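Each chain is listed here by its residues.
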Protein chains: 2
Amino acid sequence: MTRLAVLGAGAVGRSVAELAAEYGYTVTALADSTSAAVAPDGVDVTAALADKAEGGALGDADPTDALTAEYDVLVEATPTTLGDAEPGFSHVRTALERDRDVVLANKGPVAERFADVRALEAESEGEVLFEATVGGAIPALATIDDLGPERVRAVRGVLNGTANFVLSRMAAEGLDYDHVLAEAQDLGVAEADPSFDVEGTDAALKCVILSNVLREADCDSVEELRERELTLADADVDGIRNVTGGALELAVNDGRTVRLIGEATREGVRVGPRLVPENGTLAVSGTRNIVEIDAEFSGGLAISGAGAGGEETASAVLSDVGRLG
Amino acid sequence: MTRLAVLGAGAVGRSVAELAAEYGYTVTALADSTSAAVAPDGVDVTAALADKAEGGALGDADPTDALTAEYDVLVEATPTTLGDAEPGFSHVRTALERDRDVVLANKGPVAERFADVRALEAESEGEVLFEATVGGAIPALATIDDLGPERVRAVRGVLNGTANFVLSRMAAEGLDYDHVLAEAQDLGVAEADPSFDVEGTDAALKCVILSNVLREADCDSVEELRERELTLADADVDGIRNVTGGALELAVNDGRTVRLIGEATREGVRVGPRLVPENGTLAVSGTRNIVEIDAEFSGGLAISGAGAGGEETASAVLSDVGRLG
């Protein structure tokens, strides 16, 4: 039975741990930033999470004990960090050096240090998958892998549910940005500090990952990939803060609306508010995400689904574990 | 290098043969109903198809020679037949008895004799994949496989492009069924005898395949599957012939429209014209198809794309060949 070590006990890590048994996997370690529960025969996930919910620790082990525990797959679900992508990157390194597989929900390592991850993977018997880093439950990377990334010309879509919620409410109700953002914060759809979402950073990270996957298909070596990889700093990013209710009203009167669209090609990454047909494929509503994959021969595919949410994102993590075989 | 024997030289078989080299595969046999080109080092596909286009034969071999040729994967792209699903079923049998893999574009064997196919597969080292039988280029079965079919509760969608073209034109232009059907025939979107599409048979076959995949997840043995499998005869099917322009107009005035919706669950298969929201996910236009997958945890996914077309369907066949590993 496949054993998982889950790093991170936020919404995604918690859901992975809670759902693992449903998928036939055992959680042998579960860690947050201050403590860990480790048990070679399986952590009592319900008890550990209950202890934490009551203000206690997940268990009596240190977080680093989870990394050295017995496991087959490391699930890295700690918060995304930029730049050196630490501590997530070091977690990936440790697991690969132990010839273990890694499934990422944390975008940092593949958005900011893609070639470093691939270099470690090349030296390891372990493999790294990262479906959950792009579009939550949407199987974007699995589909690109099946189509063959070398045949994919572009990927574009709505990749941030918070920004999409704000724009679709503004358009539907004729309300202003500040009003709808406050509403989204009340509903828990937007964070107290919403800048990561509304400034386009989150969507840009996802597009950087997608572009890296496309670029990698053209590279013969990790060295070549290192020259061609993108990071967030290479992305052309514009958020939704300057989209006015008036601009949306004009668009709607013309049968169009505005969405925060991310586009990833071999050339680069662009994220910004764009006019799209009001009834078109890209005009998903609320927190829903959509990914359009433009590939040779297949005639264009669009996949929509939940772009966030603990359980939904966990389902992508657990599908990745299954794909590891 | 993976060697393909392609049976069937209609739009799909032809495209599979033409695109195989792009995917790194060699075509060692290509057959239609009267002749075959067979070459262990690779058929000259362009020349064989040119000969056929000029009214000649694909090659100097008999069609049955393709079945006994050297190949790793048999691509079964002969026309779908009902009932005993012959001759497609015997082609699958021969390949599996030789421990070869099979990729189906022909719906017959998995819609009408699903348990028989699985029984042969259980005795073989070969494997059978059939993405192209459901929704053309749309990766419905690959996604269900990744989600885990045991977690999929229902699959529904628009699964026939001809019927969808007719309904969406009727709704957009206020035209009657007979008028739009004639137009579709002129455009090559509908066949001279359109009954397979407009009566819902084609959509029902796809839903039967989907339901069989869901049912199989609950079975512990091929014997159990044999008791539970569905065939076309079990489907509840209603076509679009009785949808009037007046009914569509009423729907549109109410913010809705009509689509031929197929639904596959563990309980069974239903296909018929249904009212759907005019701007909703299921109201795709023209020949586009869409598949909604309702699964535990993932929060609902929808995949739209080209449901037919030689090249598009061939891309699903060739992705299946890749998934065989």
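By the naming in an unreviewed UniProt entry, chain A goes by homoserine dehydrogenase and is assigned to Halorarum halophilum. Recorded in UniProt under Sequence similarities (unreviewed entry), the annotation for chain A is "Belongs to the homoserine dehydrogenase family."

Looking at this structure, how should I read the sheet that holds strand β3 (residues 36-38) of chain B?
Hydrogen bonds between backbone groups are what pair the strands of a sheet, and the pairing can be parallel or antiparallel. All names here are of chain B. An order of β3-β2-β1-β4-β5-β6 is seen for the six strands of this open sheet, with the pairing classed as mixed. With partners counted over all chains shown, the strands left at the sheet margins are β3 and β6 (128-129), one partner each. Sheet topology note: the strand β1 (residues 3-7)/strand β2 (residues 26-31) ladder contains five bridges and is parallel. In the strand pairing of β2, Val6 is matched with Leu30. Along the sheet, helix α14 (residues 310-323) makes contact with β1, β4 (73-76), β5 (101-104) and β6, crossing β5 at roughly 155 degrees.

Sorry if this is basic, but what is going on with the pattern of salt bridges here?
When charged atoms on two side chains of opposite charge get close, those side chains can pair. The final tally for this structure, using the stated rule, is 46 salt bridges over all chains. In this structure, A:Asp145 engages A:Arg323 in a salt bridge whose closest nitrogen and oxygen atoms are separated by 3.3 Å. Linking A:Asp145 in helix α7 (residues 140-147) with A:Arg323 in helix α14 (residues 310-323), this pair joins segments that are 178 residues apart in sequence. Residue classification places A:Arg323 among the partly exposed positions, given a relative accessible area of 26%. Measuring nitrogen to oxygen at the nearest pair gives 2.6 Å for the salt bridge that ties B:Arg118 to B:Glu216. With B:Arg118 in helix α6 (residues 114-122) and B:Glu216 in helix α11 (residues 201-216), the pair connects residues that are 98 residues apart, well separated along the chain.

Teacher, can you tell me more about the packing of aromatic side chains here?
Each aromatic ring pair is specified by the distance between its two centres and by the angle formed by the two planes. Scanning the entire structure with this criterion turns up six aromatic pairs over all chains. Seen from their ring centres, A:Tyr23 and A:Tyr25 are 6.4 Å apart, and the 20 degrees between their planes marks the pair as stacked. For the pair shown, A:Tyr23 and A:Tyr25 are each scored as buried. Within the aromatic cluster, the residues linked to one another by ring pairs are A:Tyr23, A:Tyr25 and B:Phe297. Directly above the aromatic system of B:Tyr71 lies the positively charged group of B:Arg98, at a separation of 5.0 Å from the ring centroid. Looking at B:Arg100, its charged tip hangs above the ring of B:Tyr71, at a distance of 6.0 Å from the centre.

Quick question: what am I supposed to make of the packing of helix α8 (residues 161-173) of chain A against helix α13 (residues 245-253) of chain A here?
The packing of two helices is summarised by the inter-axis angle and the distance between the axes. Residue and element names in this part refer to chain A. Direction vectors running N to C along α8 and α13 enclose 70 degrees, while the axes themselves pass 9 Å from each other. In terms of their interaxial angle, α8 and α13 are classed as roughly perpendicular. Between α8 and α13 lies a crossing whose hand is right-handed. Of the residues in α13, those in contact with Leu167, Met170 and Ala171 of α8 are Gly245, Leu248 and Val252. When grouped by side-chain class, the residues that make up the contact of α8 with α13 number five nonpolar, one polar and no charged.

Mind showing me how you'd approach the pairing of strand β4 (residues 73-76) of chain A here?
The side chains of a regular strand alternate between the sheet's two faces. Residues and elements named next belong to chain A. With burial as the criterion, each face of β4 is covered, one bearing Val73 and Val75 and the other bearing Leu74 and Glu76. Taken together, the four bridges between strand β1 (residues 3-7) and β4 define a ladder with parallel strand orientation. Note on β4: the bridge partner recorded for Leu4 is Val73. Pairing between β4 and strand β5 (residues 101-104): four bridges, direction parallel. Bridge pairing in β5 places Glu76 opposite Leu104.

Honestly, the domain arrangement of chain A in this entry has me stumped. Any pointers?
For an interface, size is often stated in terms of accessible area lost upon the parts coming together. Residues and elements named next belong to chain A. For chain A, the assigned domains are domain 1 (3-136 + 314-323) and domain 2 (141-307). Computed from C-alpha coordinates alone, the two centres of domain 1 and domain 2 are separated by 26 Å. Every contact between the two is made by 20 residues of domain 1 and, on the other side, 24 residues of domain 2. Summed over both partners, the interface of domain 1 with domain 2 comes to about 1900 Å²; 66% of that surface belongs to carbon and sulfur atoms. Summed over the shared surface of domain 1 and domain 2, the result is four salt bridges. The residue Arg226 makes a salt bridge to Asp116 at a minimum N-O spacing of 2.6 Å. Inspection of the region where domain 1 meets domain 2 yields eleven residue pairs in polar contact (both at pLDDT 80 or more). Of all the secondary structure elements, the ones that give two or more residues to the side of domain 1 that touches domain 2 are α5 (108-112) and α6 (114-122). A total of six residues in the side of domain 1 that touches domain 2 trace back to one element, the largest contributor, which is α6. Taken together, the residues of the side of domain 1 that touches domain 2 break down into nine nonpolar, four polar and seven charged.

I tried to follow the interface of chain A and chain B on my own but got confused; where do I start?
Facing the 28 residues of chain A at the interface are 28 residues of chain B. Between chain A and chain B lies a buried interface of about 2300 Å² when both sides are counted; carbon and sulfur atoms form 49% of it. For the pair chain A and chain B, the interface holds two salt bridges. The salt bridge involving B:Asp146 is made with A:Arg323; its shortest N-O contact spans 2.5 Å. Remark: the boundary between chain A and chain B carries 13 residue pairs in polar contact (both at pLDDT 80 or more). Elements with a contribution of two residues or more to the side of chain A that touches chain B: α7, β12 (301-306) and α14 of chain A.

How do you make sense of the UniProt feature "binding site: L-homoserine" (unreviewed entry) in chain A when you look at a structure like this?
Residues and elements named next belong to chain A. Feature annotation in UniProt places "binding site: L-homoserine" (unreviewed entry) on Glu191, given in this structure's numbering. If you trace the backbone, Glu191 turns up in the loop between α9 (177-187) and α10 (195-198). In contact with Glu191, other than residues within four places in its own chain, are Gln185 and Asp197.

Teacher, can you tell me more about unusual backbone geometry here?
What you tend to see is this: most non-glycine residues have negative phi, and most peptide bonds are trans. Each neighbour pair has its own omega, and for A:Glu86 with A:Pro87 the value is 5 degrees, a cis peptide bond. With respect to the helices and strands, A:Pro87 occurs in the loop between β4 and α4 (88-97). In this model, B:Ala85 sits at a positive phi of 60 degrees, which is unusual for a non-glycine residue. With respect to the helices and strands, B:Ala85 occurs in the loop between β4 and α4 (88-97).

Rules and cut-offs
Residues numbered from 1 in each chain as written. Chains lettered and ligands numbered in written order. Predicted model: local features only at pLDDT ≥ 70, side-chain atom pairs only at ≥ 80, totals over all residues. Heavy atoms only, no water. UniProt positions renumbered as here; feature names shortened; annotations may be inferred. Pairing = 2+ DSSP bridges. Helix = DSSP H or I, 4+ residues; strand = E, 2+ residues; numbered from the N terminus. Contact = heavy atoms within 4.5 Å. Axes fitted to C-alpha atoms, helices over the stretch in contact; angles between N-to-C directions. Salt bridge = Lys/Arg side-chain N within 4 Å of Asp/Glu carboxyl O. Buried < 20%, exposed > 50% of the residue type's maximum accessible area, 1.4 Å probe, protein only. Phe/Tyr/Trp six-rings, centres within 6.5 Å; stacked < 30°, edge-to-face > 60°. Lys NZ or Arg CZ within 6 Å of the ring centre and 35° of its normal. Parallel < 35°, antiparallel > 145°, perpendicular 65-115°, else oblique. Left-handed = near helix turned anticlockwise from the far one by under 90°. Nonpolar A, V, L, I, M, F, W, Y, C, P; charged D, E, K, R; others polar. Domains from an automatic or database assignment. Buried area = accessible area lost by both parts, 1.4 Å probe. Polar contact = N/O pair within 3.5 Å; in protein donor to acceptor, adjacent residues only side chain to side chain.

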